[in-house]
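Chain and residue survey
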Amino acid sequence: MLPASKRLTKDKDIKRVNKAGQSYFSPLFKLKYLANDKSLSRFTVVVSNKVSKKAVLRNRLRRQLREIIRLNLKKIKSGHDIIVSVKSQSLGKTYQDLENSLNLALKKSKLLK
RNA sequence: AAAGGAAGUUAUGGUCAUUUAAAAAAGCGUAUUCAAAAAAGUAUAGACAAAUAAUAGAAUUUAGAAAGUGGGGGGAGGAAAGUCCGAACACCAUAAAGCGGUAGUGGGUAACGCCCACCCUUUUGCUGGUAACGGUAAAAGAGGACCAGUUCCACAGAGACUAUACAAGUCAGUGCUGCGCACUGCAAAUUCAAAAUUCAAAACAUUAAAUUCCAAAUAAAUUAUUUGUGAUUUGUGAUUUUGGACUUAUAAUUUUCAGCGCGUAGCGCUGGCCAAAUGUGAAAAGUGUUAAGGUGUGCUGUGCUGAAUACGGGAUAUCCCUUCAGCGUAACGCUUCUUAACUCGGCUCCUGGUGACAGGAUGUCGUGGUAAACUCUACCUGGUGCAAUGCUAAAUUUGGUAAGCAGCAUGAGCUGUUUGGCAACAAACAGUCAAGAUAGAUGAUCAUCAUCCAUCACUUUUAGAAAAAGUGAGGGAAUACAAAAUUCGGCUUAUCAGUUUGCUUGGACA
RNA sequence: CGGGGUGUGGCGCAGUUGGCUAGCGCGCGUCGUUUGGGACGAUGAGGUCGUGGGUUCGAGUCCCACCACCCCGA
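Residues numbered from 1 in each chain as written. Chains lettered and ligands numbered in written order. Predicted model: local features only at pLDDT ≥ 70, side-chain atom pairs only at ≥ 80, totals over all residues. Heavy atoms only, no water.

Description of the overall build of chain A
- The secondary structure content of chain A amounts to three helices and four strands.
- Taken from the N to the C terminus, the helices and strands of chain A come in the order α-β-β-β-α-β-α.
- Here chain A holds 113 residues, and 42% of them are scored as buried.
- Sequence separation of at least 24 residues holds for 80% of the intrachain contacts in chain A that already meet a minimum separation of 6. (Helix = DSSP H or I, 4+ residues; strand = E, 2+ residues; numbered from the N terminus. Buried < 20%, exposed > 50% of the residue type's maximum accessible area, 1.4 Å probe, protein only. Contact = heavy atoms within 4.5 Å.)

Given below as C-alpha cells:
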C-alpha cells in the first residue's frame, strides 16, 4: 500500500487528470498523467468491472500494481498525478510481466528519472 | 447423490508496505496540535452569500511539549456473492381507495415469501384385493375459491358445457328451380283441317243397262232363251280417297312466353320426432369396479341354404374340397341396459382433535377441466434509502454548497451448561468482546515445512494377482468457491481434499 | 445501494400481449443463365428458441431459479 500522501484520492483530481492529462497506451495498461504544483507524485490504479467480474482477481491486480509502484517510487519523477488503468489483457500475467511492462510504459512516457 | 463443516488465516523465516486501539524506552525529527516569547493587538475580515455590531484576530521566527516515526498487539466469509424476501435505523408523509404481495392447519420468530410439527394430495417401491381401491415407507408439492361473474379448451368430433344449437334421418306444412301431365291466356308459325254445298279424277259398291267369256238347265240342233259367275263399257251413289272452288266459326296443331293445378326430383324455410351407438379427442354430459342376466356387435369354429367354377387340389365328374352371400348355432372379446355386491366422493348426524382433518352410522345424492387466465375471498402492505440522516465549519446570527467528523461495530451478539418443548425455538446462569476501509485496509514478493494429486520403483499382507498400507524418487498444485461497503434474520446459487450417511459395482470369507 | 431491458439458423430481426405450422431478409451449398464474373432464376441445407425446473393434454410464449450481455439513477 502506498503512503497516504502519495495516493490520488479526490474525485476532483482524478477527473482533472482524465480530462487534461496526457495518455500513453501499452498492451497491458493505459497511463494518464499530469503535472501538479506539489513536490510529490500521486498515483492511483483503476481496474474496471469489465476486466473481470470477480472482485478477487481485480483486487489482486490492483495490489500487485501498487506494490510495483511503491518499490519503484525512487525512480519516478516527482510532481505528477498518474492514473494507471488496467486492460483485460493483463489478467493472467505474472508479477514479473506486470513489472516489466509498467516500467517500460513509464519510461516511454518520460516519467522516469 | 445428499448432509454438515470450512480443516495453512497463529506454519516458519527473509525483504517491503497499509489500517486501527491503548500505553509508552532510546534514537530521529518539526508537516500537525498545545502553551510561552517576539512579530502584534500589526496585516486581515479569513472557501461562499446576506445581515448585525465593534469586536475578533493571524501568517512568520525562536526554544519546548504532545503527537508522529520506531517497537509490540488485532485485522474477511460460509457463502462476505446473487440482491429474491423480511426487519432495525433515519428523514419525509400520514384519510380512504388503489397498486403490490401472501395463500392447507397449528406453532416458532422482532418480522418474513423463512423454520418446525402435523394434515391432505401426487409419484415411486413393497404389500392386501379378480378389480375399482386400501395399507405402509421414502420423496415431492405456489396446497384458498371454478354452486359470484367472465375467459379459454388447438386438431378431430354431432357436441368442449344453458344440449331450444349444428349435421344426418324421418313426418307435416311451405318457398324456389327443373322435368312430366292437364288447363287457360298472349304471340308467332303451319294447316285450311272439320262440316255444308259444288266440280273433276280415281277407287269401291250396284237388286240400273248394254256387250261378252265360262258353267248349268230347257228348247232346238252347232243356235236360241233363261239362270249363275266373272270381265268390259256406260250410268247411278246419304260410299271412300285425292285435287279444286266457295261458305261458316275465323278454327286446329306446333312452338315460345306467362298463369294456375297435380305429380316428381333437387335446393331451402318452419315445426314435430329422433338426438343413440361406433368413433373423435388429454378430457364427452358423468364415481367407478366386479358378478349374473338380457340386447347389439366383432372375430373364430361349425351346421343348413343359395350362388360361382377364375386359380389350386380331389373325384364316384352338371360333384366335392374351395370361394362368396344369407340364415342359425357355440366359444371368446367389446359395448350398452337391468339387478346385486363392493368402492370413491358430497350432504346429514355422532365421536375424537386447538385446528387442517380423521373415524363411524343411516339414508340419500353423483354438478367437466382451467385461477403459475381475469377474478373473488381472507390477511399483510405509506414513501425514500446510510450517497438516509446529524454535527463541525477562524467574531456573531441565518442559509447549507465544497470539505471533514459522526452514523460505524455491545449486538433481536457469540460460546458453554441447565431447564421447558416432539421440534423449530425460548428462558435462566456462567464466560466472552472478536475487522471497520472510503480511488476503498485486512496485503505484495521470495524461500522452507506440513498437506494434497497422479506416475514409477521397492517392501508388507496373499498361493499369486488386484486392492490397501508404508518407504523412496523426480514432477505438479500452492489451495476450491470466492473478498466486507450501515447492520441483522432468512432464501437462492458456487465450492478442491477429507468426514458421515444412502445407493451402485467389484473382490474375499461365512 | 437501487431500477430497467435483451438473449430465436452464420449475421440482423419477427413471432411472446392473446398458449397448438418456428418464420422473414441478408449470407451459405447445388444447378441453370454468361466467353468468364456479377446480377438474375430454380432448388436445398442450417434451430433442441440462453440454461435448469414447474404448471398444462400441450410451453419460444405462463410461473420460479440461475447464466451471459447491455443501459440508467443516486
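Looking at helix α3 (residues 95-108)
- Its 14 residues give α3 an end-to-end C-alpha distance of 20 Å, which sits within 8% of 20 Å, the value for a rise of 1.5 Å per residue.
- Where α3 is concerned, the buried positions are Leu 98, Glu 99, Ser 101, Leu 102, Asn 103, Ala 105 and Leu 106.
- Phi turns positive one or two residues past the end of α3, at Lys 110, with a value near 60°. (Expected span 1.5 Å × (residues − 1).)

What about the nonpolar core?
- Among the nonpolar cores identified, the biggest contains 21 residues, and Phe 29, Leu 65, Ile 82, Val 84, Val 86 and Leu 102 are the most heavily contacted of them.
- If you list the elements that add at least two residues to this core, you get β2 (29-35), β3 (42-47), α2 (55-71), β4 (80-86) and α3.
- The contact partners of Val 84, leaving out residues within four places of it in the chain, are Phe 29, Lys 30, Leu 31, Thr 44, Val 45, Val 46, Ile 69 and Leu 102. (Core = buried A, V, L, I, M, F, W, Y, C linked by side-chain atoms within 4.5 Å.)

Section: the confidence of the model for chain A
- When the pLDDT values of chain A are averaged, the result is 74; 80% of them are 70 or greater.
- Within chain A, no element has a lower average pLDDT than helix α1 (residues 11-20), which sits at 72, and none a higher one than strand β1 (residues 22-25), at 83.
- Predicted complex, confidence summary: ipTM 0.79, pTM 0.65. (pLDDT = per-residue confidence, 0-100.)

A look at the sheet that holds β1
- Judged by pairing direction, the sheet is mixed, and its four strands sit side by side in the order β1-β2-β4-β3 without closing on themselves. Each edge of the open sheet carries a strand with a single partner, namely β1 and β3. In this sheet, neighbouring strand axes are inclined to one another by 15° on average, regardless of whether the strands run parallel or antiparallel.
- With seven bridges connecting them, β2 and β4 associate as antiparallel partners. Residue Lys 32 lies in a different strand from β4, and its bridge partner there is Ile 83. (Pairing = 2+ DSSP bridges. Axes fitted to C-alpha atoms, helices over the stretch in contact; angles between N-to-C directions.)

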